[in-house]
Amino acid sequence: MTMKGRTPPRSQRDACAEAKARLAAHLSRAGLKHSHPREAVVDAFLTTAGHVSVEELTAIVRRRSPAVGHTTVYRAMKLLADCGLAAAHDFGNGRTRYERTLEKSHHDHLVCTGCGAILEFEDQGIEKLQEDAARRHGFEIASHKLELYGRCADCVAAGRSRASVGSRA
Ligand SMILES: [Zn+2]
Ligand SMILES: [Zn+2]
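Calculation rules
Residues numbered from 1 in each chain as written. Chains lettered and ligands numbered in written order. Predicted model: local features only at pLDDT ≥ 70, side-chain atom pairs only at ≥ 80, totals over all residues. Helix = DSSP H or I, 4+ residues; strand = E, 2+ residues; numbered from the N terminus. Buried ≥ 20, exposed ≤ 12 C-beta atoms within 10 Å, placed from the backbone. Core = buried A, V, L, I, M, F, W, Y, C linked by C-beta atoms within 7 Å. Contact = placed C-beta atoms within 7 Å. Pairing = 2+ DSSP bridges. Axes fitted to C-alpha atoms, helices over the stretch in contact; angles between N-to-C directions.

What's the story with the overall build of the protein chain in this structure? I'm lost.
Assigned secondary structure in the protein chain consists of six helices and six strands. Element order for the protein chain, N to C, with α for helix and β for strand: α-α-β-α-α-β-β-β-β-α-β-α. Split into buried and exposed, the 169 residues of the protein chain put 20% on the buried side.

Is there a simple way to think about the nonpolar core in this case?
A general feature of soluble globular proteins is that nonpolar side chains tend to end up buried together. With 20 residues, the main nonpolar core has V41, F45, L57, V73 and L80 as its most contacted residues. At the level of elements, α1 (12–29), α2 (36–46), α3 (54–64) and α4 (70–82) are the ones that each hand at least two residues to this core. The leading source of residues in this core is α2, at six residues. With residues up to four places along the chain from it excluded, the contact list for L57 reads V41, A44, F45, T48, V52 and V73.

I tried to follow the pairing of strand β4 (residues 108–112) on my own but got confused; where do I start?
Successive residues of a regular strand alternate their side chains across the two faces of the sheet. For β4 and strand β5 (residues 118–121), the ladder comprises four bridges, and the chain directions are antiparallel. Residue pairing across strands places V111 opposite I118, the latter belonging to β5. Relative to strand β6 (residues 147–150), β4 is paired through four bridges, and the arrangement is parallel. Across the sheet, residue C112 finds its bridge partner in β6, namely G150.

Please clarify how the sheet that holds β6 should be interpreted in this entry.
Backbone hydrogen bonds hold the strands of a sheet together, and the pairing may be parallel or antiparallel. The mixed open sheet is built from three strands, whose spatial order is β5-β4-β6. The open sheet is flanked by β5 and β6, the only strands paired with a single partner. Taken pair by pair, the neighbouring strands of this sheet meet at an average axis angle of 20 degrees, ignoring direction.

As structure tokens, then:
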């Protein structure tokens, strides 16, 4: 999310190893012990692309570890967000969705209110306009989120308008 120091995309395996090292350091600083259920959540999250809700991630984790509960997933995702390994988004419907941060560069989102699709884009022109606007106000940007709401190309083609948001990542 930061404006400066954009890193190039890394291979997922490198990103996964780095994420685990960072999480381990964070856990030891926080005095938290290793936990297998949490490890299962971390593994599932670091290998899941897109923007997942706690509910969706719980379903994914349970395919391999049926005993893992919703609360464990919820807490693990908070931890991952706290140490900067997951970005939390609320795409307008009050349900937090998380995406991996390490192997991805900064991007913004197009959110379809017809089918819930979440598309990503990056536009250097828009980035620059935001930096210019901040500069004019003497404002120092720490991070930004840009979300455009509307209908995706599929929904426009199908003539769908507002329906259930959040059904698809
Ligand atoms: Zn759509
Ligand atoms: Zn995204």
